[in-house]
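Descriptive structure summary
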Amino acid sequence: MPRPVVCVTGGDTRTTMALAALEAQLATGPLHAVTHLVCGGLEPSQPPRRTLKLLYALARGAWVLDAAWLLDSAAAKRLLPPDDFELREVLPGAERSRRAPQRTLAGLHISLRGQTSVPRDELARVLREAGAEVLSEEASEGAAVAVRAGGRLLDGVGEPELLDALTAARFD
């Protein structure tokens, strides 16, 4: 089995030290290579903040795990199976995304124009990772994000709805 490529968001020194003690590879390059995202500093029953790290992990169907996975693995001196540490309760889209036969935004054609809340180049990469075809255009009149499915424009679908779809791992 290949070594997991692990990225940590919201972690502390204990989490980082636990990762260093294991046979996992710390993600130092592009976020699209991450296989396991470890979320630290979570409040009980609260989902992790919607960071670029989380968006990439959800877009590609990576494991999204509680920091306890690393800490317990370090105590066991081996990587434990991630199943029991997946953030299913607070982020049900993580498991759905990981198990889905196709990416969440497959079949969508998205045009990005002008300003977006997520840096536009990063947003385009995340949306592509989620299966969408993305066209980045110079700023023009109209919405910053236009979404088409089956050739028709989807009214009322913009950046917030696309990010919600990634978080839920479903586009309705």
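Here the residue numbers are simple positions, counted from 1 along each chain's written sequence. It should be noted that, the model being predicted, local features are given only for residues of pLDDT at least 70 and side-chain atom pairs only at 80 or more, the latter also being counted only at that level, while totals for whole chains, interfaces and linings use all residues. As a rule here, side-chain values come from all non-hydrogen atoms in the structure, and water together with hydrogens is ignored.

**Regarding the state of the cysteines**
- A pair of cysteine sulfur atoms is labelled a disulfide when the two atoms are within 2.5 Å. Going through the model one piece at a time under the given rule, you end up with zero disulfides.
- Residue cysteine 7 stays outside any disulfide, its sulfur separated by 9.1 Å from that of cysteine 39, the closest cysteine.

**Some words on unusual backbone geometry**
- A positive phi angle, close to 65 degrees, is found at lysine 77, a residue other than glycine.
- Put simply, DSSP marks the helices as runs of H or I at least four residues long and the strands as runs of E at least two long, and each gets a number from the N terminus on. Here lysine 77 lies in the loop between α3 (68–76) and α4 (92–99).
- Classification of lysine 77 as exposed rests on a relative accessible area of 71%.
- The phi angle at alanine 169 is positive, at roughly 60 degrees, despite the residue not being glycine. Exposed residues in this analysis have more than 50% of their type's maximum accessible area, buried residues have under 20%, and partly exposed residues fall in between, with area computed by a 1.4 Å probe over protein chains only.

**What about the side chain of threonine 15?**
- Along the chain, threonine 15 turns up in helix α1 (residues 13–20).
- Residue classification places threonine 15 among the buried residues on the basis of a relative accessible area of 3%.

**As for the nonpolar core**
- As used in this record, nonpolar core signifies buried Ala, Val, Leu, Ile, Met, Phe, Trp, Tyr and Cys residues forming a set joined through side-chain atoms within 4.5 Å. Counting residues in hydrophobic clusters, the biggest one holds 23 residues, and the most contacted among them are Leu105, Ile110, Leu127 and Leu162.
- Looking at this core, the elements that each hand over two or more residues are α2 (52–60), β5 (108–112), α5 (120–129), β7 (145–149) and α6 (159–168).
- The criterion used for residue contact is that any of the two residues' heavy atoms lie within 4.5 Å. When near neighbours in sequence (up to four residues on either side) are disregarded, leucine 105 contacts Leu127, Ala130, Gly131, Ala132, Leu162, Ala165, Leu166 and Phe171.
- By size, the runner-up hydrophobic cluster in this structure holds 15 residues, among which are Ala18, Val38, Ala67 and Leu79.

**Describing the sheet that holds β5**
- Only strands joined by at least two bridges in the DSSP assignment are considered to pair. Taken together, the four strands give an open sheet; going across it, the order is β6-β5-β7-β8, and neighbouring strands pair in mixed fashion. Each end of this open sheet is capped by a strand with a single partner; those strands are β6 (133–136) and β8 (152–153).
- Strand direction decides the pairing type here: β5 and β7, joined by five bridges, are antiparallel. Opposite serine 111, over in β7, you have alanine 146 as the bridge partner.
- Packed on one face of the sheet, α5 meets β5 and β6 and runs near 175 degrees to β5. Axis lines are fitted through C-alpha atoms, for helices just across the contact stretch, and the angle between N-to-C directions can take any value from 0 to 180 degrees.

**Digging into the pairing of β5**
- Of all five residues in β5, four are buried, a share of seventy percent or more.
- Of the strand pairs in this sheet, β5 and β6 are connected by four bridges, and their pairing is parallel. The residue of β6 that forms the bridge with isoleucine 110 is valine 134.
- Tracing the backbone out of β5, into α5 and back to the parallel element β6 gives a crossover that is right-handed. Every crossover in which the path from the first strand over the helix to the second runs clockwise, viewed with the strands pointing away from the viewer, is termed right-handed.

**Digging into the sheet that holds strand β2 (residues 25–26)**
- Within the open sheet, the four strands sit side by side as β2-β1-β3-β4. Their pairing is parallel. Whereas interior strands pair on both sides, the edge strands pair on one side only; in this sheet they are β2 and β4 (63–66).
- Of the pairings in the sheet, the one linking strand β1 (residues 5–9) to strand β3 (residues 36–39) comprises four bridges and is parallel in character. Its bridge partner being in β3, cysteine 7 is matched across the sheet by leucine 37.
- Lying on the sheet, α3 is in contact with β1, β3 and β4; it crosses β4 at an angle near 75 degrees.

**Considering the pairing of β4**
- With four bridges joining them, β3 and β4 adopt parallel strand pairing. Its bridge partner lying in β4, histidine 36 is registered against tryptophan 63.
- Traced from β3 through α2 to β4, the parallel crossover comes out right-handed.

**Regarding the pattern of salt bridges**
- What counts as a salt bridge is simple: a side-chain nitrogen of Lys or Arg found within 4 Å of a carboxyl oxygen of Asp or Glu. Taken as a whole and judged by the stated rule, the model has nine salt bridges.
- As a salt-bridge pair, glutamate 86 and arginine 98 come within 2.8 Å of each other at their nearest N and O atoms. With a gap of twelve residues between them, glutamate 86 in the loop between α3 and α4 and arginine 98 in helix α4 connect regions that are remote in the sequence.
- A salt bridge links arginine 125 to glutamate 122, with the shortest nitrogen-to-oxygen separation between them at 3.4 Å. Residue arginine 125 and its partner glutamate 122 are both found in helix α5; the two are separated by three residues, about one turn of the helix.
- Look at glutamate 122 and you get partly exposed, because its relative accessible area is 22%.
- Members of the salt-bridge network, linked through shared partners, are Glu86, Arg88, Glu95, Arg98 and Arg99.

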